[in-house]
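# Structural description and commentary
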There are 2 protein chains.
Amino acid sequence: MPYTYEYARAALTVDCVVFGLDDTGLKLLLIKRAIEPFQGCWALPGGFVRIGESLVEAAKRELREETGLEGFFLEQLYTFGDLNRDPRERVVTVVYYALVNLRDHLPHGASDASGAAWFDVQDLPKLAFDHDKIIDTGLARLKGKVRYQPIGFELLPAKFTLSELQRLYETILERPLDKRNFRKKVVQLGVLDETDEVQEDVAHRAARLYRFNRKRYAQLVKRGFNFEI
Amino acid sequence: MPYTYEYARAALTVDCVVFGLDDTGLKLLLIKRAIEPFQGCWALPGGFVRIGESLVEAAKRELREETGLEGFFLEQLYTFGDLNRDPRERVVTVVYYALVNLRDHLPHGASDASGAAWFDVQDLPKLAFDHDKIIDTGLARLKGKVRYQPIGFELLPAKFTLSELQRLYETILERPLDKRNFRKKVVQLGVLDETDEVQEDVAHRAARLYRFNRKRYAQLVKRGFNFEI
DNA sequence: ACAAAAGTGTTGAACGTACACCCATGC
DNA sequence: GCATGGGTGTACGTTCAACACTTTTGT
């Protein structure tokens, strides 16, 4: 069932830069391409935008189909439209980035036999198309945004320790932070609720668990408050 | 000469949110639509992306064709792809925003008979499509970015007074700034060169003219410096 | 008892904020 | 000489950065 237009049209795709975090560092979800071009290469999950779905819907669908993920933070990153991105024809891709919490969603390592796998962002394989450039853009955005928007919490389980939160910032910002200053700062922001639970099964003193309070954050923002770490 | 594809394809356009600044406030460049849909409505300059041009090229071409502008700051803003943006068919638009210096480029008011005109952002007419939403996104970006990237200078002539710079920030951030503190701050940043010229034809003491030093800024950024106002 | 990480305060330096007057120029 | 905006410094409070030891728990 062919579709005909007066002028040539570019193909439109979505791709997703999916970040996760575990105790060995920041991770990125890639899938192994089953078909040409770049068959066998690792690539960002993504695919064609259908005529009846919006861009975010397309991104969510692709992630569900290719990786089984659902219910994650998803935000538009950038649109890449250079002429020779794809050797077959003109393809414009709208890229989203997602933040998922590896502890609750996927134990760790590869998800299943679907060809998806988590890679350390410091040690990525050769990638298809211009996906290396796209990932650089995603990393830059994450690094820039994490300091003034509370998106870091999306990479952690609902309840987390202050040390986990600190390691998150240290990993993303790629620099060490002072423990006492960090704790003072995040607690003073007033968007963390202290729970009455502590870690379990750790071979040392168990740390208190905290929770990010989204409602409180929204209230404070209305009053002109600025999140910043 | 028709083009045929196996699946339906969305049309791809670029639109431009063009900001300018004069002494009455922040301005936006709009064009009056000559054809349906929304004939006679004001709209953002823009049009279809050709198969042989990149997205930025398309944005630059549309601005040249529709408004005569050249040589301005241009950066991708966001891509809008909801299903019913355009009543005719599925249209995905990649939006860029531009910053132009009204004093050097266009005297003021409308540019020519092309149907383009400058509007105060506080007092915009009814707009075609979802262009009001796009403009809100552009304003939010400008407001957010002007504080930590030296993009404000793009709205001023090459040589400007500190008072002009202050008015720029006050206009965009929509709040008054303290004159002495502002001057201390921007001078300490070390990216302004004091020229040995002063204003001419003003009915009071002439202010010294300054210039933004792009090279110096790039050097400082390499050394880890953060622009912030 | 030892290993491992949790938790906790103080001080000095830098920075942000509030604030008012004299100066130079054109009319 | 007056109206208009240009240009300047200080004092106070807040925030940031550097820094080390005790506590808790499991093994």
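Attention now moves to the interface of chain A and chain B. At the junction of the two partners, chain A supplies 31 residues and chain B supplies 31 residues. Where chain A abuts chain B, roughly 2,600 Å² becomes buried across the two surfaces, and 54% of that area is made up of carbon and sulfur atoms. Taken together, the connections running from chain A to chain B amount to two salt bridges. Ionic pairing is found between Glu89 of chain A and Arg9 of chain B, a salt bridge with its closest N-O pair at 2.8 Å. Summed over the shared surface of chain A and chain B, the number is 16 residue pairs in polar contact (both at pLDDT 80 or more). Looking at the side of chain A that touches chain B, the elements with two or more residues in it are strand E1 (3–5), strand E2 (11–22), strand E6 (73–80) and strand E7 (91–99) of chain A.

Let us look at helix H1 (residues 55–67) of chain B. Residue and element names in this part refer to chain B. For H1, spanning 13 residues, the distance from its first C-alpha to its last is 18 Å, which sits close to the expected 18 Å at 1.5 Å a residue. Among the residues making up H1, those that are buried are Leu55, Ala58, Ala59, Arg61, Glu62, Leu63 and Thr67. Just downstream of H1, Gly68 is the residue with a positive phi angle, here 80 degrees.

Around DNA strand D sit 18 residues in total, of which Arg205 of chain A together with Lys179, Arg183, His204 and Arg208 of chain B are the nearest. A share of 38% of the atoms of DNA strand D within 4 Å of the protein falls on sugar and phosphate groups. In the model, a phosphate oxygen of DNA strand D is placed 2.9 Å from a nitrogen or oxygen of the Arg208 of chain B main chain. For the surface near DNA strand D, the secondary-structure elements that each account for two or more residues are helix H5 (179–189) of chain A together with helix H5 (179–189) of chain B. Classifying every residue of the surface near DNA strand D by side-chain character gives three nonpolar, four polar and eleven charged.

Okay, the pairing of E6 of chain A next. Within a regular strand, side chains alternate between the sheet's two faces. Residue and element names in this part refer to chain A. Here E6 lies mainly inside the structure; six of its eight residues are buried. Direction of pairing for E6 relative to E7: antiparallel, over a ladder of seven bridges. Among the inter-strand pairings, Gln76 is bridged to a residue of E7, identified as Tyr96.

A few words now on the sheet that holds strand E9 (residues 159–160) of chain B. All names here are of chain B. Pairing is antiparallel across the open sheet formed by three strands, whose spatial order is E9-E11-E10. The open sheet has two edge strands, E9 and strand E10 (192–198), and neither has a second partner. Strand direction decides the pairing type here: E10 and strand E11 (residues 208–212), joined by four bridges, are antiparallel. Considered in E11, the bridge of Leu192 is made with Phe212.

Residues and elements named next belong to chain A. All told, the structure shown has 36 salt bridges over all chains when counted by the stated rule. Notably, a salt bridge pairs Asp120 with Lys27, separated by 3.3 Å at the nearest N-O pair. Residue Asp120 is located in strand E8 (residues 116–120), and its partner Lys27 is located in strand E3 (residues 25–32); the two are separated by 93 residues in the primary sequence. One network of salt bridges, with partners in common, ties together Arg50, Glu53, Arg61, Glu62 and Glu65.

Conventions and cut-offs
- Every chain begins its residue count from 1, and numbering advances along the sequence as written.
- Following the order in which they are written, the chains are lettered starting with A and the ligands numbered starting with 1.
- Side-chain atom pairs in this predicted model are given and counted only at pLDDT of 80 or more, local residue features only at pLDDT of at least 70, and totals for whole chains, interfaces and linings cover all residues.
- Side-chain numbers here rest on the full set of heavy atoms in the structure, without hydrogens or water.
- Throughout, a residue-residue contact means that at least one pair of heavy atoms, one from each residue, lies within 4.5 Å.
- Summed over both partners, the accessible area lost on bringing two parts together, with a 1.4 Å probe, is the buried area.
- Any carboxyl oxygen of Asp or Glu within 4 Å of a side-chain nitrogen of Lys or Arg constitutes a salt bridge here.
- Here a polar contact is taken to be a pair of N or O atoms separated by no more than 3.5 Å, where protein atoms must pair a possible hydrogen donor with a possible acceptor and residues adjacent in sequence count only if both atoms sit in side chains.
- Helical segments are the DSSP runs of H or I of at least four residues, strand segments are the runs of E of at least two, and each set is numbered from the N terminus.
- Between the first and last residue of a helix there are one fewer steps than residues, each counted as 1.5 Å, and that sum is the expected span.
- With a 1.4 Å probe rolled over the protein chains alone, any residue whose accessible area is under 20% of its type maximum counts as buried; one over 50% counts as exposed, and the rest are partly exposed.
- Throughout, near means a residue has at least one heavy atom within 4 Å of the molecule or strand.
- For this scheme, ten residues count as nonpolar: Ala, Val, Leu, Ile, Met, Phe, Trp, Tyr, Cys and Pro. Four count as charged, namely Asp, Glu, Lys and Arg, and the remainder, Gly too, count as polar.
- Any two strands with at least two DSSP bridges between them are considered paired.

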